[in-house]
Amino acid sequence: MRAFFDMGGYAAFVWPAYAVTLAVVILNIVWARRALVRARAEARRRLDVRAGEKS
Amino acid sequence: MTWTWFHRLGSPPYVYALAERLTPWFAWPAALLIVGGLWGGLVLAPPDYQQGDGFRIIYVHAPSAWMSLMVYTTMAVAAAVGLIWRMKVAHAVAASCAPIGASFTFAALVTGALWGQPMWGTYWEWDPRLTSELVLLFLYLGYMGLRAGIEDTQRADRASAVLAVVGVVNVPIIHYSVTWWNSLHQAPSVMRLDKPTIPASMLVPLLMMLLGFTLYFAAILLVRLRAEILSRERAASWIRAEVFAT
């Protein structure tokens, strides 16, 4: 187990590389979801305003 | 051959519903492939005879670099379709690609630097491959900046599409940079015309990561595309049913 984390002496390069990539993978999921939630909320607000103008 | 499928892809409500339905079919296989690829790459694959365990950076570096190029190509093709057929949905696809591609280009550059330091003795060198990849990052950022700077969506679509299409010349430059010029960077081991030059125990996890990242891109793109379509279809009545349903 120790040897695994040590990565044959390359731990200082291997793990940060994995961490950066994993962060980008996760952030893209978060950003995409947030974009959709925001677009939905904005569409709802827009439609509410429109309905308000008509009545 | 009938072109109905193409015309249907021009219809925002159709594409929105299709994107929603397809997302999990890309996301779950992507998750399985990436977890399997990580296990294979970090645990099962043997250490390299020259680079020891340092070579394992390939399992995050190559997929990130692949994403940077594949996403750009997708963006340029979508932009061209948008320009030629004046297809709103195609412009929405192109706009959705940019932040994904930019972030993976960043990952490719950082993981490459972390691989370069122990193997080449430097994090950065103004080498053809590294420099052209950095130019790719600037193309993505320029594309996003241009879009952000133009208020009118249609004008933003057209202007940014021209930039995306022109910038695509950089993609083959990046790919062939290592063969055309003397580069520190190694030549391709997998994406080459003859057989790959690495053994199966190292290759299979890499292929799983490459396929996994590709499917992951499709899933992220579909979610972003829905957001993009919603913000473009300002008045359409189908949106009412969509956003008030849940």
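Residues numbered from 1 in each chain as written. Chains lettered and ligands numbered in written order. Predicted model: local features only at pLDDT ≥ 70, side-chain atom pairs only at ≥ 80, totals over all residues. Heavy atoms only, no water.

Topic: the packing of aromatic side chains
Part 1: Applying the stated criterion across every chain yields a total of 17 aromatic pairs over all chains.
Part 2: Aromatic side chains Trp3(B) and Trp5(B) sit 6.0 Å apart centroid to centroid with 20° between the ring planes, which places their arrangement in the stacked category.
Part 3: Relative accessible area serves as the criterion here: at 47%, Trp3(B) is assigned to the partly exposed category.
Part 4: By relative accessible area, Trp5(B) is classed as partly exposed at 44%.
Part 5: Here Trp124(B) and Trp126(B) contribute two aromatic rings whose centre-to-centre distance is 5.3 Å and whose plane-to-plane angle is 80°, an arrangement assigned as edge-to-face.
Part 6: Here the aromatic residues Phe4(A), Phe5(A), Trp15(A) and Tyr18(A) are joined through ring pairs into a cluster of three or more. (Phe/Tyr/Trp six-rings, centres within 6.5 Å; stacked < 30°, edge-to-face > 60°. Buried < 20%, exposed > 50% of the residue type's maximum accessible area, 1.4 Å probe, protein only.)

Quick notes on the nonpolar core
Residue and element names in this part refer to chain B.
Part 1: In terms of nonpolar packing, the biggest core is built from 79 residues, with Tyr 59, Tyr 72, Met 75, Phe 104, Tyr 216 and Phe 217 touching the most fellow members.
Part 2: Among the elements that line this core, the one with the most residues is helix 8 (residues 200-232), at 16 residues.
Part 3: Once you skip the residues sitting within four places of it in the chain, Tyr 72 turns out to touch Met 67, Leu 136, Leu 139, Tyr 140, Leu 163, Ala 164, Gly 167, Val 168 and Val 171. (Core = buried A, V, L, I, M, F, W, Y, C linked by side-chain atoms within 4.5 Å. Helix = DSSP H or I, 4+ residues; strand = E, 2+ residues; numbered from the N terminus. Contact = heavy atoms within 4.5 Å.)

Details of a nonpolar patch on the surface
Residues and elements named next belong to chain B.
Part 1: Taken together, Leu 83, Ile 84, Trp 85, Val 162, Val 165 and Val 166 make up a surface patch of nonpolar side chains, about 550 Å² in accessible area.
Part 2: Following the sequence through the fold, Leu 83 ends up in helix 3 (residues 58-85).
Part 3: In this structure Leu 83 comes out as partly exposed when scored by relative accessible area, which is 31%. (Patch = residues over 30% accessible without salt bridge, like charges linked within 9 Å, V, L, I, M, F, W, Y side chains within 5 Å. Areas by Shrake-Rupley, 256 points an atom, 1.4 Å probe, with all protein chains shown as cover. Salt bridge = Lys/Arg side-chain N within 4 Å of Asp/Glu carboxyl O.)

Examining unusual backbone geometry
Part 1: Phi at Met7(A) takes a positive value of approximately 50°, unusual for a residue other than glycine.
Part 2: Here Met7(A) is to be found in the loop between helix 1 (2-6) and helix 2 (11-54).
Part 3: Positive phi is not limited to glycine here, since Arg86(B) has a value of about 50°.
Part 4: Residue placement: Arg86(B) occurs in the loop between helix 3 and helix 4 (88-120).

Some points on the interface of chain B and chain A
Part 1: With 43 residues of chain B at the contact, the number on the chain A side is 31 residues.
Part 2: A combined buried area of about 3,200 Å² lies between chain B and chain A, and 71% of that area is made up of carbon and sulfur atoms.
Part 3: On the surface where chain B and chain A come into contact, there are 1 salt bridge.
Part 4: Measuring nitrogen to oxygen at the nearest pair gives 3.2 Å for the salt bridge that ties Arg40(A) to Glu242(B).
Part 5: On the surface where chain B and chain A come into contact, there are 8 residue pairs in polar contact (both at pLDDT 80 or more). (Buried area = accessible area lost by both parts, 1.4 Å probe. Polar contact = N/O pair within 3.5 Å; in protein donor to acceptor, adjacent residues only side chain to side chain.)

Section: empty space enclosed by the protein
Residue and element names in this part refer to chain B.
Part 1: The full count for this structure, using the stated rule, is 1 cavity of 30 Å³ or more.
Part 2: Roughly 40 Å³ of internal volume is contained in the largest cavity.
Part 3: As for the largest cavity, its lining consists of Pro 12, Lys 88, Val 89, Ile 229, Arg 232 and Glu 233.
Part 4: Looking at the lining of the largest cavity, the elements that each hand over two or more residues are helix 4 and helix 8. (1 Å grid on protein atoms, 1.4 Å probe; cavity = no way out; pocket = protein on both sides within 12 Å on 5 of 7 lines; lining within 4 Å. Points joined across faces, edges and corners; volume = space filled by probe spheres on them.)

Quick notes on the environment of Ala11(A)
Residues and elements named next belong to chain A.
Part 1: Along the polypeptide, Ala 11 turns up in helix 2.
Part 2: C-alpha of Ala 11 to C-alpha of Ile 26: the two residues are 15 residues apart in sequence and 22 Å apart in space.
Part 3: If we ignore the near neighbours within four places in the chain, the residues touching Ala 11 are Phe 5, Asp 6 and Pro 16.

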